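# Coordinate analysis (summary)
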Amino acid sequence: LMVDSGAPVRELMTLGFGGSTFAFAGPTGRFASVEDLAGARVATAYPGLVRAHLEERSVDGHVVRLDGAVETAVRLGVADAIADVVSTGATLARAGLEPFGDPVMRSEAVLIGRAEAAAPPDLDVFQRRLQGVLVARRYVMLDYDVPGSYVDAACEITPGIESPTVSPLQREGWYAVRAMVPTADAQSVMDRLYDVGARGILVTTIHACRL
């Protein structure tokens, strides 16, 4: 990897957001593969990247540099196809375009550092803080009350990261349980807990954590 100054950098960690695909797109049904771009005009804001990709595949296409709304290039007659960053594909669909062929590249936000420079003394702390936020986005905190006879069954449903926290309530024979569960599973876990007798089930967002 290189930064704008030309200094080499190294990837320290992926950040799990900002994912996108840099891909070719053209009028619906016109192109099926990158090889179909032979002799075609391809508009893009990244001509060097696209030209290198075509050359690697021995495709003789004409790359047109175009900044701004690249997806309008075909409709305006400037190009036959485009190469652009695609997230959901909704913008392409509105322009009457569809992605085709293998993506030029996939990307996401990453943390980088200079390859030849010594790591700052507090880099480990900074990375742990970032990791804590990233992990927190994948989990929620689940709290619920359950009769003592069902504690074991409930804890099997919510084993937590290390182990759930179980505390006796003032109400005799009842316990409060707290555990982290994957955000994607929260609703189904709540249903299963209710079926085994848990009540007062609460879900709380976690802003940061250290595991």
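Quick summary incoming for the structure in this document. Just so it is clear, the model here is predicted, and its values are computed rather than measured.

Bringing the sheet that holds strand 4 (residues 62-65) into the picture now. Picture the strands of a sheet paired through backbone hydrogen bonds; they go either parallel or antiparallel. Read from one edge of the open sheet, five strands run 4-3-5-2-6, paired in mixed fashion. Among the strands making up the open sheet, the edge pair consists of strand 4 and strand 6 (97-107). Across the sheet, the mean angle separating the axes of adjacent strands is 30° when strand polarity is ignored. Note: strand 2 (residues 20-27) against strand 6, seven bridges, orientation antiparallel. Paired with Ala-25 across the strands is Pro-99, a residue of strand 6.

A separate point is the pattern of salt bridges. On inspection of all chains with the given rule, the structure shows five salt bridges. Its salt-bridge partner being Arg-30, residue Asp-80 comes within 3.8 Å of it at the nearest N-O pair. Of this pair, Asp-80 sits in the loop between strand 4 and strand 5 (81-86) while Arg-30 is found in the loop between strand 2 and strand 3 (41-44), placing the two residues 50 residues apart along the sequence. Judged by its relative accessible area of 14%, Asp-80 falls in the buried class. One salt bridge in this structure joins Asp-80 and Arg-41, with 3.2 Å as the shortest N-O distance.

Turning our eyes to something else, we now look at a nonpolar patch on the surface. A grouping of Tyr-46, Leu-49, Val-85 and Met-105 is seen on the molecular surface, where their side chains present a nonpolar patch of about 340 Å² in accessible area. Structurally, Leu-49 is set in helix 1 (residues 47-56). Residue classification places Leu-49 among the partly exposed residues on the basis of a relative accessible area of 37%.

In this structure, Ser-58 takes a positive phi of about 55° despite not being glycine. With respect to the element layout, Ser-58 can be found in the loop between helix 1 and strand 4. Owing to a relative accessible area of 68%, Ser-58 belongs among the exposed residues under this scheme.

Two elements, strand 3 and strand 4, share four bridges in a ladder whose sense is parallel. Paired with Arg-41 across the two strands is His-62, which belongs to strand 4. Where the polypeptide runs from strand 3 across helix 1 and back to strand 4, its parallel neighbour, the crossover connection is right-handed.

What follows deals with the packing of aromatic side chains. Summed over all chains, the structure comprises three aromatic pairs. Ring plane angle 90° and centroid distance 5.4 Å describe the contact between Phe-22 and Tyr-46, whose orientation is recorded as edge-to-face. A residue pair is termed long-range when its members are at least 10 positions apart, and Phe-22 in strand 2 and Tyr-46 in the loop between strand 3 and helix 1 qualify at 24 residues. Taking the relative accessible area as the measure of exposure, Tyr-46 reaches 42% and is therefore partly exposed.

A separate point is the nonpolar core. Counting 16 residues, the largest nonpolar core has Leu-142, Tyr-144, Val-146, Val-189, Leu-193, Ala-198 and Ile-201 as the members making the most contacts within it. Those elements that place two or more of their residues in this core are strand 8 (139-147), helix 4 (151-157), strand 10 (174-182) and helix 5 (186-195).

So, how was this worked out
- Every chain begins its residue count from 1, and numbering advances along the sequence as written.
- For a predicted model such as this one, the threshold for reporting local features is a pLDDT of at least 70, and the threshold for listing and counting side-chain atom pairs is 80 or more; totals across whole chains, interfaces and linings nevertheless cover every residue.
- Side-chain numbers come from the whole structure's heavy atoms, not from hydrogens or water.
- At least two DSSP bridges between two strands are required for those strands to pair.
- Think of it this way: any DSSP run of H or I at least four residues long counts as a helix, any run of E at least two long counts as a strand, and we number them from the N terminus.
- Note on geometry: axes are lines fitted to C-alpha atoms, helical ones only across the stretch in contact, with angles between N-to-C directions running from 0 to 180 degrees.
- Every case where a carboxyl oxygen of Asp or Glu lies within 4 Å of a side-chain nitrogen of Lys or Arg is listed as a salt bridge.
- Partly exposed describes any residue whose relative accessible area lies between the buried limit of under 20% and the exposed limit of over 50%, with all areas from a 1.4 Å probe on protein chains only and scaled to the type maximum.
- Only residues whose relative accessible area exceeds 30% and that form no salt bridge enter a patch; like-charged residues are grouped when within 9 Å of one another, and nonpolar side chains (Val, Leu, Ile, Met, Phe, Trp, Tyr) when within 5 Å.
- With residues, only the protein chains shown are counted as cover, and all accessible areas are computed by Shrake-Rupley using a 1.4 Å probe.
- A crossover gets the label right-handed when its path from the first strand over the helix to the second runs clockwise, viewed with the strands pointing away from the viewer.
- By convention, a stacked pair of Phe, Tyr or Trp rings (six-membered ring in the case of Trp) has centres within 6.5 Å and planes under 30 degrees apart, an edge-to-face pair has planes over 60 apart, and any other such pair is tilted.
- Take the buried residues of types Ala, Val, Leu, Ile, Met, Phe, Trp, Tyr and Cys, join any two whose side-chain atoms come within 4.5 Å, and each joined set is a nonpolar core.

That's the geometry; what it means functionally is another story.
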